[in-house]
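Next come the chains, spelled out residue by residue.
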Amino acid sequence: MLFGRTDRKPIKILDKQVAEWKYTTCGYCSTGCSIQVGLDTEGKAVATRGNAAADVNRGKLCIKGIFEHELFDAAGRGDAPLMRDKAYEAFQKTDWDTAFDKTASEIKRIQETYGKDSFAIVSTGQLLTEEFYSLGKLARGCIGTNNYDGNTTLCMASAVSGYKRSFGSDGPPGCYEDFEHTECLIAFGSNLPEQHPIIYWRLKEALEKRKFPLIVVDPRVTMLAQFADMHLPITPGTDVVLINSLMYVILDEGLEDRAYIDAHTNGIEEVEALVKDYNPIAASKICGIDEDTIRTVARLYAKAGAAMSIWTMGINQSTHGSDGVVDINNLNLITGNIGKPGGTSLSITGQCNAMGTREWSSCSGLPGYRYLENEADRQEIADFWGIDKEFFPEKRGLAQTDIFPAIETGQIKGLWLVATNPMTSMPNTSRIRKTLEKLEFLVVQDSYQDVETNQYSHMYFPAAVWAEKEGCFTNTERRVNIVRQVVQPKGDSKPDFWIFKEMAKRFPNGEKIHFPDTPAGAFEEMKQLSKGDSRTLDISGMSHDKIEQAAGIQWPFREGAEGLKGDQRLYTDGHFQTKSGKANLIPIVFRDNNECPDEQYPFWMNSGRVVEHFHTRTRTGKIGNCNKFSPTPYMEMNPDAARDLGVEHQSYVRIASRRGDAVVMVQLTHRVPRNMVFIPFHFHDCVNRVSLGLLDPHSRQPAFKQCAVRIEPVDQALAAQLNAERRTF
Ligand code: SF4
């Protein structure tokens, strides 16, 4: 008897007919992979491959990067500006001048009637850095609203806030190469294999060369937890209890780095006093990790020659996300693990240019990590842009998550959304829908006109996508890489850079502020603003060409720097960006203020990513292979809990919270404990119909990952029909 196929037909790799490969950088996650896009003889993008010479990805890409060239011709792209008087009416195609004139006159009308700040702008982490810098000029320097923020408030605001509180400045201090030096790594709420597959590959490669303990703190048995040496299935929202308890053990057993603490930090007495309340026995009752495990992890971490912490949304998306980041920094400061190879506090950022918006967009301040609250900073930027300093507010306005409630209360009447999709991304969808319907004027600027939020707009600006334009991204490890233009923008869509420049001409200060013609020109301005020995964010030694040559350069990279390599780490000399030059050790008290399961809503609901999709699927929902491998909103449920409720694998259920409900397909798995369910956050009309999203007091970031829900039966035929309709997107 023969096994296998007798008629062998070897798999053929189709010849893509690539005539030319062009350099660019991936536009999805913050890993920052260098990409080459293959063009055929007619200039059509037909393939993508990783750039083998790039230090970040060394030739590798994840599924999103591999199919990224399909974005250019994906369904739903906008190719002309659209306008209408009322939301839901049919759009009329228009030309750019008419669209800009109408938008500018509506902004002016709203500001004259209700005040300058009654028109808000919410941006993204997806634009190119030069576009962020130009949008900052337009929003802060020309339109003059103080209610201007980025959607990075939904993902990285807690990391920014925590870094500022601890180190006096934003900026992740470590790099991927730290994996190759560390002797112990704790990952807090970070599922690298699905969120940042290529960073995970770097970690795995380092582990294969040299074994070190990998400890994962996560309520769910994530893919990273499966590969870990120790998995700590923490009770949701209790991270600071665990970290305080780790510090209790370290300080109690004299394992801290006293020389580093004395030389480079302030505040150890307050932290020592606070953590006395978090002995491992007391802490274990709150955070759900047993006493022995807490002691073992504390000793492993403190005794390692170099130890590092990484984290993502499990820490940031919490009512105490900023406190969680500060506490991770506390842990690393007391063990002397900042600024040395393998010793760091490394937030793994989310979007491809979440860093670029933090650095240069002026969302929460002024360009180059300058503060609105600092008079000298306001004066410097006003002089550089050629406008009156008084045009700037003296403190930042509302964060994105406060802008929507301000629309509800009538404080804000007009909104411009740039490459962000709150109808899917914000907590409590039904509330956001009502909020958008209240606006007198809504502009949606996006590469895709079928983005859900566009249903509520009065004006639609079609933006060029990814490598239809040119400029830089900064990745998780402060590496600036360049997106080269590979193809022309679709139809009459335009680069965001051009859109901001043209809009500026409609405002008086637009005559005074210089908007360069090219992204390279804007980059030169940013270089000038970044110069200075005391600035960590110094890009003055870079140029677009040098960045491509090096396949990315980390900042700081100062004018006159030799070679093509920036500083891999910040704070290597133990000098921080605070007034004293020392890092702040800040005692963090645990506050239990989130919604927890109860009799009525007995399950924790947790949310997160799947590898095939990015954010609200605006792009990946259009890519055949990404959609094929992950087409359906699903919910992970523990088989024991399912048996109690009579729920079957691959059946549909209704998940309900105090805010709303959603229908999902059940996947039974022991990844989640009996009292928890997990849902990917990418799908429209799904997890955010249910989520609560209480806000962190420092960062204003929502606690997406914790709320209480119940599971109910649902008519299977109806649910299947609903799901089939949803799949058509
Ligand atoms: Fe793109 Fe991130 Fe995938 Fe790299 S890991 S290819 S940057 S999505």
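Scope of this entry: the structure provided in the associated data block. These numbers were taken from a predicted model, which means no experiment stands behind them. (Residues numbered from 1 in each chain as written. Predicted model: local features only at pLDDT ≥ 70, side-chain atom pairs only at ≥ 80, totals over all residues. Heavy atoms only, no water.)

**Quick look at the nonpolar core**
This is how it is decided: By convention a nonpolar core is built from buried Ala, Val, Leu, Ile, Met, Phe, Trp, Tyr and Cys residues, the set being connected through side-chain atoms within 4.5 Å. Residue burial is assigned from relative accessible area. The probe radius is 1.4 Å, only protein chains are included, and a residue is buried under 20% of its type maximum, exposed over 50%, and partly exposed in between. Any two residues having at least one pair of non-hydrogen atoms within 4.5 Å are treated as being in contact.
Core analysis: the largest hydrophobic core is formed by 117 residues, its most contacted members being Leu138, Leu242, Trp416, Phe461, Met542 and Trp555. Setting aside anything within four residues of it in sequence, one finds Met542 in contact with Val480, Phe523, Lys527, Ile547, Ile553, Gln554, Trp555 and Phe557. Membership of the second largest hydrophobic core comes to 30 residues, among which are Phe67, Ala74, Cys352 and Val487.

**Considerations on the pairing of strand S25 (residues 676-680)**
Keep this limit in mind: Put simply, DSSP H or I for four residues or longer makes a helix, DSSP E for two residues or longer makes a strand, and each gets a number counted from the N terminus. In this scheme, strands are said to pair when DSSP sees at least two bridges between them.
Among the 5 residues in S25, 5 count as buried, and that is most of the element. Of the two faces of S25, the one carrying Met676, Phe678 and Pro680 and the one carrying Val677 and Ile679 are both buried. Inspection of the sheet shows strand S22 (residues 634-637) paired to S25 by 2 bridges, in the antiparallel sense. Pairing of Met637 across the sheet is with Val677, part of S25.

**Details of the packing of aromatic side chains**
Geometrically, a pair of aromatic rings is defined through the distance of the ring centres and the angle of the planes. Where we set the bar: Note on aromatic contacts: the rings of Phe and Tyr and the six-membered ring of Trp form a pair at centre separations within 6.5 Å, being stacked when their planes are under 30 degrees apart, edge-to-face when over 60 apart, and tilted otherwise. By definition, being over a ring means that NZ of Lys or CZ of Arg is both within 6 Å of the ring centre and within 35 degrees of the ring normal.
Per the stated rule, a full pass over the model turns up 20 aromatic pairs. Between the aromatic rings of Phe100 and Trp498, the centroid separation amounts to 5.6 Å while the plane-to-plane angle is 50 degrees, which identifies the pairing as tilted. Highlighted residues: Phe100 in helix H2 (residues 96-114) and Trp498 in helix H20 (residues 496-504), separated in sequence by 398 residues. The exposure class assigned to Phe100 is buried, which follows from its relative accessible area of 0%. Each residue in the set Trp96, Phe100, Trp416, Phe461, Trp498 and Phe500 is aromatic and connected to the rest through ring pairs, giving one cluster. Over the aromatic face of Trp21 sits the side chain of Arg49, whose NZ or CZ is 3.9 Å from the ring centroid. The ring of Phe91 has Arg84 sitting right over it, with the charged end atom 3.7 Å from the ring centre.

**Structural notes on the site of the ligand**
Applied cut-off: Nearness here has a simple test: a residue counts as near a molecule or strand if at least one of its heavy atoms is within 4 Å of that partner. The classification used treats Ala, Val, Leu, Ile, Met, Phe, Trp, Tyr, Cys and Pro as nonpolar, Asp, Glu, Lys and Arg as charged, and all other residues, Gly among them, as polar.
Surveying the vicinity of the ligand reveals the residues Cys26, Tyr28, Cys29, Thr31, Gly32, Cys33, Leu61, Cys62, Lys64, Gly65, Pro197 and Ile198. Looking at the shell around the ligand, the elements with two or more residues in it are helix H1 (63-66) and helix H6 (197-209). Class assignment of the residues belonging to the shell around the ligand gives a composition of 8 nonpolar, 3 polar and 1 charged.

**Focus: the sheet that holds strand S2 (residues 34-39)**
As a reminder of what qualifies: Axes, fitted as lines to C-alpha atoms, cover a helix only where it is in contact. Angles between the N-to-C directions of the axes lie from 0 to 180 degrees.
Read from one edge to the other, the open sheet built from 3 strands follows the order S1-S2-S3, with strand pairing classed as antiparallel. In the strand order of this sheet, the two ends are held by strand S1 (20-25) and strand S3 (45-50), each with one partner. The average angle at which neighbouring strand axes cross in this sheet is 30 degrees, direction not considered. As defined by bridge partners, S2 adjoins S3 across 5 bridges and the pair is classed as antiparallel. Paired with Gly38 across the bridge in S3 is Ala47.

**Quick word on helix H11 (residues 280-287)**
Keep this limit in mind: Note: the arc covers the axis-to-C-beta directions of the helix. In protein, a polar contact requires one atom able to donate a hydrogen and another able to accept it; more generally it is a pair of N or O atoms within 3.5 Å, and residues adjacent in sequence count only if both atoms are side-chain atoms.
Along H11, the residues that are buried comprise Pro280, Ala283, Ser284 and Cys287. Along H11, the residues classed as buried sweep out an arc of 105 degrees about the axis, all on the same side. In this structure, the buried side of H11 is in contact with helix H8 (239-252) and helix H12 (291-303). The residue sitting at the N-terminus of H11 and contributing the capping side-chain oxygen is Asn279; that oxygen lies 2.9 Å from the backbone nitrogen of Ile281. Within two residues after H11, Gly288 carries a phi angle of roughly 80 degrees, on the positive side.

**Some details on the sheet that holds strand S19 (residues 553-554)**
Strand order in the open sheet made by the 3 strands is S17-S18-S19, with antiparallel pairing throughout. The open sheet has two edge strands with one neighbour each: strand S17 (471-474) and S19. For S17 and strand S18 (residues 479-483), the ladder comprises 4 bridges, and the chain directions are antiparallel. Within S18, the residue paired with Phe473 across the bridge is Asn481.

**Some words on the packing of H8 against helix H14 (residues 321-334)**
Using the following cut-off: An angle below 35 degrees is read as roughly parallel, one above 145 as roughly antiparallel, one from 65 to 115 as roughly perpendicular, and any other as oblique. By definition, turning the near helix anticlockwise from the far helix through less than a right angle yields a left-handed crossing, and turning it clockwise yields a right-handed one.
It is at 9 Å that the axes of H8 and H14 come closest, and there the two elements cross at 15 degrees. When the axes of H8 and H14 are compared, the pair comes out roughly parallel. Crossing of H8 over H14 shows left-handed handedness. In this structure, H8 uses Val240, Ile243, Asn244, Leu246, Met247, Ile250 and Leu251 to contact H14, whose residues at the interface are Asp323, Gly324, Asp327, Ile328, Asn330, Leu331 and Ile334.

**Structural notes on the packing of H8 against H12**
Axis separation between H8 and H12 bottoms out at 9 Å; the angle between their running directions is 65 degrees. The angle between H8 and H12 falls in the class roughly perpendicular. Both H8 and H12 take part in a crossing whose hand is right-handed. Where H8 approaches H12, its residues Leu242, Ser245, Leu246, Val249 and Ile250 are matched on the opposing element by Ile294, Arg295, Val297, Ala298 and Ala302. Residues belonging to the contact of H8 with H12 are distributed by class as follows: 8 nonpolar, 1 polar and 1 charged.

**Overview of unusual backbone geometry**
Of note, the bond from Trp555 into Pro556 is cis; its omega dihedral lies within 30 degrees of zero at 5 degrees. Relative to the helices and strands, Pro556 is located in the loop between S19 and strand S20 (583-584). Phi at Arg700 takes a positive value of approximately 65 degrees, unusual for a residue other than glycine. As for its position among the elements, Arg700 is in the loop between S25 and strand S26 (707-713). When its relative accessible area of 27% is taken as the criterion, Arg700 is described as partly exposed.

**Remarks on the side chain of Thr94**
Within the element layout of this structure, Thr94 appears in the loop between strand S5 (92-93) and H2. Of the residues examined, Thr94 reaches a relative accessible area of 16% and is grouped as buried. The residues contacting Thr94, other than those within four sequence positions of it, are Pro81, Leu82, Met83 and Ala99.

**A few points about the pairing of strand S8 (residues 184-188)**
Among the 5 residues of S8, 5 are classified as buried, and the element is accordingly described as predominantly covered. Across the two faces of S8 the burial is the same, with Cys184, Ile186 and Phe188 and Leu185 and Ala187 all buried. Relative to strand S12 (residues 307-311), S8 is paired through 5 bridges, and the arrangement is parallel. Residue pairing for S12: Ile186 is matched across the bridge by Ser309.

Such coordinate-based values are descriptive only and should not be taken to indicate function.
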